[in-house]
Amino acid sequence: AERSNVMDWIAESRIDLEMVRLLTLKTAWMMDTVGNKAAAVEISAIKVAAPNAALRILDRAMQVHGAGGISNDFPLAGMWAWQRALRFADGPDEVHKMTIARRELRKHDPSFRS
């Protein structure tokens, strides 16, 4: 933990985690207050952001552990593999990002269809 690059990775992981937490809270609040349809962008965003943040955090932990991070000595490799598989559970990121982009584009051009 005293190494500057490890401190950097801890900080980056904390930032990733906090961003996902805040997006999750905002999404849940919107779902409760304005409904799922109005929260569609946030719902799609969290479906992309959370799994990707988890993978980045796990990847940093694996890097800190060196070869042990990809061995069976620690649970990290297995956790990473399951987390990677979960990215497919709710559909590919590209579909969620397309949903976000379409809604954003329609804000500026209501006739946009794609």
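**Re the overall build of the protein chain**
Along the protein chain, the regular secondary structure elements total 4 helices and 0 strands. Relative to the 2.2 N^0.38 estimate, which gives 13 Å for 114 residues, the radius of gyration of the protein chain is 17 Å and therefore markedly larger than a compact globule would have. The principal-axis extent of the C-alpha atoms belonging to the protein chain is close to 55 × 25 × 25 Å. Counting across all 114 residues of the protein chain, residues that qualify as buried make up 28%. Considering only intrachain contacts with a sequence separation of at least 6, the fraction spanning at least 24 residues in the protein chain is 52%.

**Describing the confidence of the model for the protein chain**
Per-residue pLDDT for the protein chain has a mean of 93; in total, 100% of the residues score no lower than 70. Mean pLDDT across the elements of the protein chain bottoms out in helix α3 (residues 76-86) (91) and peaks in helix α1 (residues 4-33) (96).

**Some details on the pattern of salt bridges**
The final tally for this structure, using the stated rule, is 8 salt bridges. Close ionic contact of Glu-42 with Lys-26 constitutes a salt bridge, the shortest N to O distance being 3.3 Å. Taken together, the positions of Glu-42 in helix α2 (residues 40-64) and Lys-26 in helix α1 put the pair 16 residues apart, joining distant regions of the chain. Each of Arg-14, Glu-18 and Arg-21 takes part in salt bridges that share partners, so that together they form one network.

**Remarks on α3**
Among all positions in α3, only Leu-76, Ala-77 and Gln-83 are buried. Taken around the axis of α3, the buried residues stretch over an arc of 130°, which confines them to a single face. The inward-facing, buried residues of α3 contact α2.

Rules used throughout
- Here the residue numbers are simple positions, counted from 1 along each chain's written sequence.
- The model is predicted, so local features are restricted to residues of pLDDT at least 70 and side-chain atom pairs to those at 80 or more, both for listing and for counting; the totals for chains, interfaces and linings are taken over all residues.
- By convention in this description, side-chain values take in all heavy atoms of the structure and omit both hydrogens and water.
- Labels follow the DSSP assignment, with helices taken as runs of H or I lasting at least four residues and strands as runs of E lasting at least two, numbered in each case from the N terminus.
- In this setup the radius of gyration rests on C-alpha atoms only. A globule is expected at 2.2 Å times the number of residues raised to 0.38.
- Any residue under 20% of the maximum accessible area for its type is buried, any over 50% is exposed, and the rest in between are partly exposed; the area is computed with a 1.4 Å probe on protein chains only.
- Only heavy atoms enter the contact rule, under which two residues are in contact if any of them lie within 4.5 Å.
- Confidence scores labelled pLDDT are given residue by residue by the predictor and lie between 0 and 100.
- We count a salt bridge whenever a side-chain nitrogen from Lys or Arg sits within 4 Å of a carboxyl oxygen from Asp or Glu.
- Each C-beta atom gives one direction from the helix axis, and the arc is the one those directions make.

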